Amino acid sequence: MAENHQTYHFSCKPKEIVVGAQMLFVAFGALVLVPLLTGLNANVALFTAGAGTLLFQVITRGKVPVFLASSFAFIAPIIYGVQQWGIPGTMCGLAAAGVFYVAISIAVRIFGSGIMHRILPPIVTGPVIMVIGLILAPIAVHMASGRTGDGSAWLVPQLTAFMLAGVASVVTVLVSVLGKGLFRLIPILCGIIAGYLTALVFDVSGLSASIQATFDPGTLQNWTTPSLVSMQKVFDAPWLAIPGFSLPTWNLQAILFIVPVAIAPAIEHFGDILAIGSITGKDYVEDPGIHRTLLGDGLATSLAAMLGGPPNTTYSEVSGAVALTRSFNPTIMTWAAVTAILLAFIGKLGGFLNTIPVPVMGGIMVLLFGAIAVIGINTLVRAGIDLMQPRNLTIVAVILVFGIGGMSFDLIVVKLSGIGLAGIVGVLLNLVLPQGQEQ
């Protein structure tokens, strides 16, 4: 089918600039959540989200009103990767994940979108998504309890931590269930704000200091302080500063560990493009083509990794805002991207984000990782897969145990483990095991 070479018309209408900034506000909470949880630079994440969105628009000829930002699917491998190989080595794996997207887009261009469903059916993607959500459940619990991610030291007394995490998670749930209008699109941001304000109240009232004074850390290191929020990082940060970009370094282990994680968001990308198409009434699978949108996602992810930012993906929150405001003009996303890039150079913004207490982020993580696991379960349910069939049972069981259990294989030059190993084994089992008569 011939492609429509419609020209993209950029405009500078004040209304579109304001609506574009509003779109960034909708995505802001989730966008900065990923770098805050993984130890990456939030200002770099803002810059790469904006730059990635602009690159996506160039590749798709400015036809699709979507905003690209930090992908939740990569939180677990980024945290693990930073612990194992540092940020530069992890960025190498993330850059390779973007290249994997590009390879998928080429395959879709040649063989059609059906190739994805043959190689990566729900029986593989469902349990892989579950592993992504569950593998870091202990870290979420540690942080919600006031400890470091590895549970080796106390950052906040447990009682105080439980209260902060509870406020953040409860508000997030209530806003997502009962919120109306734009509020329903920003439950994570509302939860973080509620937890942060609660921490300030605890500090002002002296409650945090009194709890800390009687806290017994037991055998763990005690890094707690009388106050929960310290503005010193904000005072130390300059008003204007170049984001802390970092270049990747070659690491084959990181590549083989992280690239299989891209399977899940690549599949989800189809759903995101179909969703925004149903909102605007246009078929983006045909024009500009799903191969182009995948290519845009992949190159935006590689660009982000080359600068030290988290992988990019299309944001469903922004798609919801498009449906609510009926703002279908892709120019609005251009202004959202420009706003993100400008905010990236405000040094005090990054300093302020780093003042958020760990238990607040832990409360969000408990919901977030659980929700990702539920998405994996729902993938299997919606596909109507009978898990009692021996073939299906084998594939799902091996993926879950290998991924969550931490199975690893030491090859000659590389070590495969965790999510990466689970994804590769799942794909191979699906291709090798014969289909049963009942299927």
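As the structure is a prediction and not an experimental result, all values here were calculated from the model. (Residues numbered from 1 in each chain as written. Predicted model: local features only at pLDDT ≥ 70, side-chain atom pairs only at ≥ 80, totals over all residues. Heavy atoms only, no water.)

Chemist: What exactly am I supposed to notice about the overall build of the protein here?
Modeler: In terms of helices and strands, the protein carries 19 helices and 6 strands. Against the 2.2 N^0.38 benchmark of 22 Å for 439 residues, the protein shows a C-alpha radius of gyration of 22 Å, consistent with a compact globule. For the C-alpha atoms alone, the extent of the protein along its principal axes is close to 70 × 55 × 45 Å. Looking at the protein as a whole, 54% of its 439 residues are labelled buried. Within the structure as shown, the protein displays about 18600 Å² of accessible surface, and the carbon and sulfur contribution to it stands at 69%. (Helix = DSSP H or I, 4+ residues; strand = E, 2+ residues; numbered from the N terminus. Rg over C-alpha atoms; globule rule 2.2 N^0.38 Å. Buried < 20%, exposed > 50% of the residue type's maximum accessible area, 1.4 Å probe, protein only. Areas by Shrake-Rupley, 256 points an atom, 1.4 Å probe, with all protein chains shown as cover.)

Chemist: How do you make sense of the pattern of salt bridges when you look at a structure like this?
Modeler: Side-chain pairs of opposite charge can arise where the charged atoms are in close proximity. With the rule as written, the count across this model stands at 1 salt bridge. For the salt bridge of Asp287 with Lys63, the shortest nitrogen-to-oxygen distance reads 2.7 Å. Note that Asp287 is positioned in helix 13 (residues 285-307) and Lys63 in the loop between helix 2 (42-59) and strand 1 (68-70), a separation of 224 residues in sequence. (Salt bridge = Lys/Arg side-chain N within 4 Å of Asp/Glu carboxyl O.)

Chemist: How should the packing of aromatic side chains be read in this particular structure?
Modeler: Pairs of aromatic rings are described using the distance from one ring centre to the other and the angle between the two planes. Counted under the stated rule, the structure contains 7 aromatic pairs. Residues Trp154 and Phe215 carry aromatic rings whose centres are separated by 5.1 Å and whose planes lie at 80° to one another, so their mutual orientation is edge-to-face. Taken together, the residues span a long stretch of sequence, with Trp154 in strand 2 (residues 153-154) and Phe215 in the loop between helix 9 (207-213) and strand 3 (221-222) at a distance of 61 residues. A relative accessible area of 7% places Trp154 in the buried class. A relative accessible area of 18% means that Phe215 is categorised as buried. Geometrically, the ring pair formed by Tyr196 and Phe352 is tilted, given 5.3 Å between the ring centres and 55° between the ring planes. Taken together, the positions of Tyr196 in helix 8 (residues 187-205) and Phe352 in helix 16 (residues 347-353) put the pair 156 residues apart, joining distant regions of the chain. Overall, Phe352 belongs to the partly exposed group, its relative accessible area being 35%. The structure contains a cluster of three or more aromatic residues connected by ring pairs, namely Phe47, Phe245 and Phe345. Here Lys348 stacks its cationic end above the ring of Trp239, 5.4 Å away from the centre of that ring. (Phe/Tyr/Trp six-rings, centres within 6.5 Å; stacked < 30°, edge-to-face > 60°. Lys NZ or Arg CZ within 6 Å of the ring centre and 35° of its normal.)

Chemist: What's the story with the environment of Phe162 in this structure? I'm lost.
Modeler: By the element assignment, Phe162 lies in helix 7 (residues 158-178). Classification of Phe162 as partly exposed rests on a relative accessible area of 44%. Counting along the chain gives 201 residues from Phe162 to Gly363, while the straight-line C-alpha distance between them is 8.4 Å. In contact with Phe162, not counting residues within four places along its chain, are Ala144 and Ser145. (Contact = heavy atoms within 4.5 Å.)

Chemist: Would you mind showing me how to read the environment of Ala371 here?
Modeler: Checked against the element boundaries, Ala371 lands in helix 17 (residues 358-382). In this structure, the C-alpha to C-alpha distance between Ala371 and Met130, residues 241 residues apart in sequence, is 9.2 Å.

Chemist: Mind showing me how you'd approach the packing of helix 1 (residues 14-38) against helix 2 here?
Modeler: For any two helices packed against each other, one specifies the crossing angle of their axes together with the interaxial distance. Closest axis-to-axis distance for the helix 1/helix 2 pair is 8 Å, and the angle between their directions is 125°. Accordingly, the angle class assigned to the pair helix 1 and helix 2 is oblique. Crossing of helix 1 over helix 2 shows right-handed handedness. Facing Phe28, Leu31 and Pro35 of helix 1, the residues of helix 2 in contact are Ala42, Ala45, Leu46 and Ala49. (Axes fitted to C-alpha atoms, helices over the stretch in contact; angles between N-to-C directions. Parallel < 35°, antiparallel > 145°, perpendicular 65-115°, else oblique. Left-handed = near helix turned anticlockwise from the far one by under 90°.)

Chemist: Sorry, what's going on with helix 7 here?
Modeler: One turn of an α-helix holds 3.6 residues; hence residues three or four places apart share an orientation. Counted at 1.5 Å a residue, the expected span for helix 7 with its 21 residues is 30 Å, and the 29 Å between its end C-alpha atoms agrees. Those residues of helix 7 hidden inside the fold are in contact with helix 6 (137-144), helix 8, helix 9 and helix 17. (Expected span 1.5 Å × (residues − 1).)

Chemist: How do you make sense of a nonpolar patch on the surface when you look at a structure like this?
Modeler: A contiguous nonpolar surface patch, about 510 Å² in accessible area, is contributed by Val170, Val173, Leu174, Val177, Leu178 and Leu367. Ranked by residue count, the leading element in the nonpolar patch is helix 7, at 5 residues. Inspection of the secondary structure assignment puts Val173 in helix 7. (Patch = residues over 30% accessible without salt bridge, like charges linked within 9 Å, V, L, I, M, F, W, Y side chains within 5 Å.)

Chemist: Honestly, the side chain of Arg292 in this entry has me stumped. Any pointers?
Modeler: Within the secondary structure, Arg292 is located in helix 13. A distance of 3.1 Å separates the side chain of Arg292 from the backbone oxygen of Ile59, its partner in a polar contact. (Polar contact = N/O pair within 3.5 Å; in protein donor to acceptor, adjacent residues only side chain to side chain.)

Chemist: Explanation requested: the packing of helix 1 against helix 8 in the structure shown.
Modeler: Axis separation between helix 1 and helix 8 bottoms out at 7 Å; the angle between their running directions is 70°. Taken together, the axes of helix 1 and helix 8 lie roughly perpendicular to each other. Here helix 1 and helix 8 pass one another in a crossing that is left-handed. Of helix 8, the residues touching helix 1 (which contributes Phe25, Phe28, Gly29 and Leu33) are Ile188, Leu189 and Ile192. A breakdown of the residues in the contact of helix 1 with helix 8 according to their chemical character gives 6 nonpolar, 1 polar and no charged. (Nonpolar A, V, L, I, M, F, W, Y, C, P; charged D, E, K, R; others polar.)

Chemist: Even after reading the chapter, I still don't get the environment of Lys15, so can you show me in this structure?
Modeler: Within the secondary structure, Lys15 is located in helix 1. Here Lys15 falls in the exposed class, since its relative accessible area comes to 68%. Between the C-alpha atom of Lys15 and that of Asp236, which follows or precedes it by 221 residues, the distance is 36 Å.

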